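Here are the chains, one letter per residue:
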Amino acid sequence: MIRKVLVANRGEIATRVIRACREQGIATVAVYSEADREALHVLMADEAYAIGPPAPAESYLSIDTLVGVAKASGADAVHPGYGFLAENASFAEACASAGLIFIGPPAAAIRAMGDKTSARRIAREMQVPTVPGTIEPVRGDDEARRVARDLGYPVMVKAAMGGGGKGMRRVGAEAELEGALRMARAEATTAFGDGSVYLERYVEEPRHIEVQVLADAHGHVIHLGERECSIQRRHQKLIEECPSPFVDGPLREKLGEAACRIATAAGYVNAGTIEFLVDRDRNFYFLEMNTRLQVEHPVTEMVTGIDLVKAQLRVAGGAPLDIRQEDVRRHGWAIECRINAEDPFAGWMPSPGKITGFRPASGPWTRDDSGVYEGSTIPRFYDTLISKLIVWGPDRDAAIARMARALAEYKVTGVRTTIPVLARIIDHKDFRAGALSTQLLERILPELAPSAGRFESIAIIAAVLAFVAAGSRAYATLAPAPDHATRAPDRGAAPSAWRLGARPGWRAGGR
Ligand code: MV4
């Protein structure tokens, strides 16, 4: 049984883990960099420890520091969240060596899936379709040319240690192959310290559909159905939903079964995700496995009623899964929008800074998983996620209507956010029709930008209102003004009375 968890992360995922722990009566230990002294996860945890400067390499990525704090605080387990060290096999091993339970898969499973060629080999051995291509990295340009001719153009050059689109190049014809190989190898060497690349046939306008799996240490592996994650920009997901509007019963069965076979073959334990590319004709191909809890896990939770973090805690503590495959029921539709501190109409520039006003959407079947509060700061050192807004409805149309309503309610001032562009995507006819692909967003983005005329009229109205109501909050909420004008007076650090939910008298660790 786990009694105390160190959360080796920050932001919304740290708060998500703390909430699950608290509901289970498990004590929590937060860690924070100098940039996160006042962060929400620090206020929420039972204890909090400073772990170093803002740079991730010196704080949230410092294995020795994190293991040291876990031991010193008396934690018996470590939850890595997502990002940072979540898929770092050495961190999983360091925890185990220190006698700590790593709330994630065994190090060997992380390693097997971290190498994409090894993951493809496992999938093939389990007779799960992979995109036609090489298993081993290609050795030289001559071999690559031969393989590409066999596969037929266009082909995809991919980094063996890659993921997330880095070190990946589409090659339309043989003349481009050599250049693409050189670029992909260079990018892979820089990003992963390993320049090996392999080749695949290119799948046109695929959908990105992933399957949630849960596995315990007693050999039980189940799947919780799929998520549709095709609405992405430069490999950053913006909107995810469960189920996929494209997946019917028989395909769901095949995807789920394939996902369970791969997880079993990898010796997987804990929550994990198997990614697939699905083409127009409903052919599916294993892409990679994410050996962590994912950002978009709440849509699966809303549709299945299963708390994935509690399931993680349960299986990490050695208990068997308390759900069998035949008990998994899906009900209705869930959609998640990622609200980032970025300016979608100015090249998606990060917009860190102080959140001067914050009123998240709420109301029926509306969930806000955020890592911020009014007065807190989005540091410039980390990702710009402010919040994940999740809604549920009895069907897709109802969920879409609810998301449109919730986005309209959501107010954030002080930083720019992606809320306006999310609202426009949700309203777009192709999104509403469920005609999704990984190319959809890039294609419709030009239509989503505010027209110059409209922007100007908003600016004029804002200026008039600002004149009339100078100094009032009406000015701050009509955002299209320079940053300094939207900032409310500094009300100082969050008072300690704002500490959230933690037990009294916790004051451990260097605060
Ligand atoms: C592909 C592909 C088309 N054909 N592979 C992008 C991230 C990486 N993990 C795999 N990716 C892709 N692999 C073949 N053979 C298209 C993509 C792709 C993509 C995949 C998932 C989600 C969004 C994407 C956006 C562009 C390209």
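Above this text you will find the structure in question.
Computed from a predicted model, the values in this text were never measured in an experiment.

(A) Summary view of the overall build of the chain. Scanning the chain from N- to C-terminus turns up 18 helices and 22 strands. Taken against the 2.2 N^0.38 rule, which gives 24 Å for 511 residues, the C-alpha radius of gyration of the chain at 23 Å falls within 12% of a compact globule. Reported as C-alpha extents along the three principal axes, the dimensions of the chain are approximately 70 × 60 × 45 Å. By residue count, 55% of the 511 residues in the chain fall in the buried class. Counted over contacts in the chain with a minimum sequence separation of 6, partners at least 24 positions apart contribute 67%. With the model as given, the accessible surface of the chain reaches about 21,100 Å², and the carbon-plus-sulfur share is 54%. For the chain, the centre of its 63 positive side-chain charges and the centre of its 63 negative side-chain charges are spaced 3 Å apart.

(B) Local environment of the sheet that holds strand β5 (residues 101-102). Taken in spatial order, the five strands of this open sheet run β3-β2-β1-β4-β5, and their pairing is parallel. Strand pairing shows two members of the sheet lacking a second neighbour, β3 (47-52) and β5, which therefore form its edges. Contacting β1 (4-7), β2 (27-33) and β4 (77-79), helix α1 (residues 11-23) runs over the sheet at an angle of about 175° to β1.

(C) Here's a closer look at the packing of helix α4 (residues 89-97) against helix α5 (residues 107-114). Orientation of α4 relative to α5, taken along the N-to-C sense of each, is 175°, at an axis distance of 8 Å. The orientation of α4 relative to α5 falls into the category roughly antiparallel. Contact with α4, carried on its side by Ala-89, Ser-90, Ala-92 and Glu-93, involves Ala-107, Ile-110 and Arg-111 of α5 and no other residues of that element. Looking at the contact of α4 with α5 residue by residue, the class counts come to four nonpolar, one polar and two charged.

(D) View of the site of the ligand. Around the ligand, 18 residues are found, and the nearest of them are Lys-158, Glu-200, Arg-201, Val-203 and Glu-288. Contacts to the ligand include Val-203, whose backbone N or O atom sits 2.9 Å from a nitrogen atom. Protein chains shield 92% of the accessible area of the ligand, which is 520 Å² for the free molecule. Secondary structure elements with two or more residues in the shell around the ligand: β6 (155-159), β8 (197-201) and β13 (284-290). Tallied by class, residues from the shell around the ligand come to seven nonpolar, seven polar and four charged.

(E) Representation of helix α15 (residues 440-448) in the model. The set of residues buried in α15 consists of Leu-440, Leu-441, Ile-444, Leu-445 and Leu-448. One face of α15 carries all of its buried residues, which in axial projection span an arc of 135°. Buried residues in α15 make contact with β10 (221-233), β11 (236-242), α13 (419-427) and α14 (429-432).

(F) Up close: the pairing of β8. Across the five residues that make up β8, a large majority, four, are buried. As paired strands, β6 and β8 are joined by five bridges and run antiparallel to one another. When the bridges of β8 are listed, Val-157 appears paired with Leu-199.

(G) View of the sheet that holds β11. The strand order β13-β12-β9-β10-β11-β14-β21-β19 describes an open sheet built from eight strands, whose pairing is antiparallel. Strands with a single pairing partner mark the edges of an open sheet, and in this sheet they are β13 and β19 (366-370). Within this sheet the neighbouring strands show an average axis-to-axis angle of 25°, counted without direction. Note: strand β9 (residues 207-215) against strand β12 (residues 270-278), nine bridges, orientation antiparallel. Looking across to β12, one finds that His-208 is bridged to Leu-277.

(H) Structural view of empty space enclosed by the protein. Evaluation of the coordinates by the stated rule reveals one cavity of 30 Å³ or more. Its volume calculated, the largest cavity comes out at about 40 Å³. The class makeup of the residues in the lining of the largest cavity is six nonpolar, six polar and one charged.

(I) Expanded view of unusual backbone geometry. With an omega of 0°, the peptide bond running from Tyr-153 to Pro-154 counts as cis. With an omega of 0°, the peptide bond running from Cys-242 to Pro-243 counts as cis. Along the chain, the position of Pro-243 falls in the loop between β11 and α9 (249-265). The phi dihedral of Phe-84 falls on the positive side, at around 40°, and the residue is not glycine. When you line up the elements, Phe-84 lands in the loop between β4 and α4. Although it is not a glycine, Trp-365 adopts a positive phi angle of roughly 50°. By secondary structure assignment, the location of Trp-365 is in the loop between β18 (357-359) and β19.

(J) Spotlight on the side chain of Ser-244. Mapping Ser-244 onto the fold places it in the loop between β11 and α9. A distance of 2.7 Å separates a polar atom in the side chain of Ser-244 from a polar atom in the side chain of Glu-228. If near-sequence neighbours (up to four positions away) are discounted, Ser-244 is found in contact with Arg-207, Ile-209, Glu-226, Glu-228 and Trp-333.

(K) Structural detail: the packing of helix α7 (residues 141-151) against helix α8 (residues 174-192). Remark: α7 packs on α8, axes separated minimally by 10 Å, with the N-to-C direction vectors making an angle of 125°. In terms of axis orientation, α7 runs oblique to α8. In this structure, the crossing between α7 and α8 has a hand that is right-handed. Between α7, through Asp-141, Ala-144, Arg-145, Ala-148 and Arg-149, and α8, the contact on the second element is made entirely by Glu-174, Leu-177, Glu-178, Leu-181 and Arg-185. Across the contact of α7 with α8, the residue classes tally to four nonpolar, no polar and six charged.

The rules behind these values
- Residues numbered from 1 in each chain as written.
- Predicted model: local features only at pLDDT ≥ 70, side-chain atom pairs only at ≥ 80, totals over all residues.
- Heavy atoms only, no water.
- Helix = DSSP H or I, 4+ residues; strand = E, 2+ residues; numbered from the N terminus.
- Rg over C-alpha atoms; globule rule 2.2 N^0.38 Å.
- Buried < 20%, exposed > 50% of the residue type's maximum accessible area, 1.4 Å probe, protein only.
- Contact = heavy atoms within 4.5 Å.
- Areas by Shrake-Rupley, 256 points an atom, 1.4 Å probe, with all protein chains shown as cover.
- Lys, Arg positive; Asp, Glu negative; His and termini not counted.
- Charge placed at Lys NZ, Arg CZ, Asp CG, Glu CD.
- Pairing = 2+ DSSP bridges.
- Axes fitted to C-alpha atoms, helices over the stretch in contact; angles between N-to-C directions.
- Parallel < 35°, antiparallel > 145°, perpendicular 65-115°, else oblique.
- Nonpolar A, V, L, I, M, F, W, Y, C, P; charged D, E, K, R; others polar.
- Near = heavy atom within 4 Å.
- Polar contact = N/O pair within 3.5 Å; in protein donor to acceptor, adjacent residues only side chain to side chain.
- Arc of directions from axis to C-beta.
- 1 Å grid on protein atoms, 1.4 Å probe; cavity = no way out; pocket = protein on both sides within 12 Å on 5 of 7 lines; lining within 4 Å.
- Points joined across faces, edges and corners; volume = space filled by probe spheres on them.
- Left-handed = near helix turned anticlockwise from the far one by under 90°.

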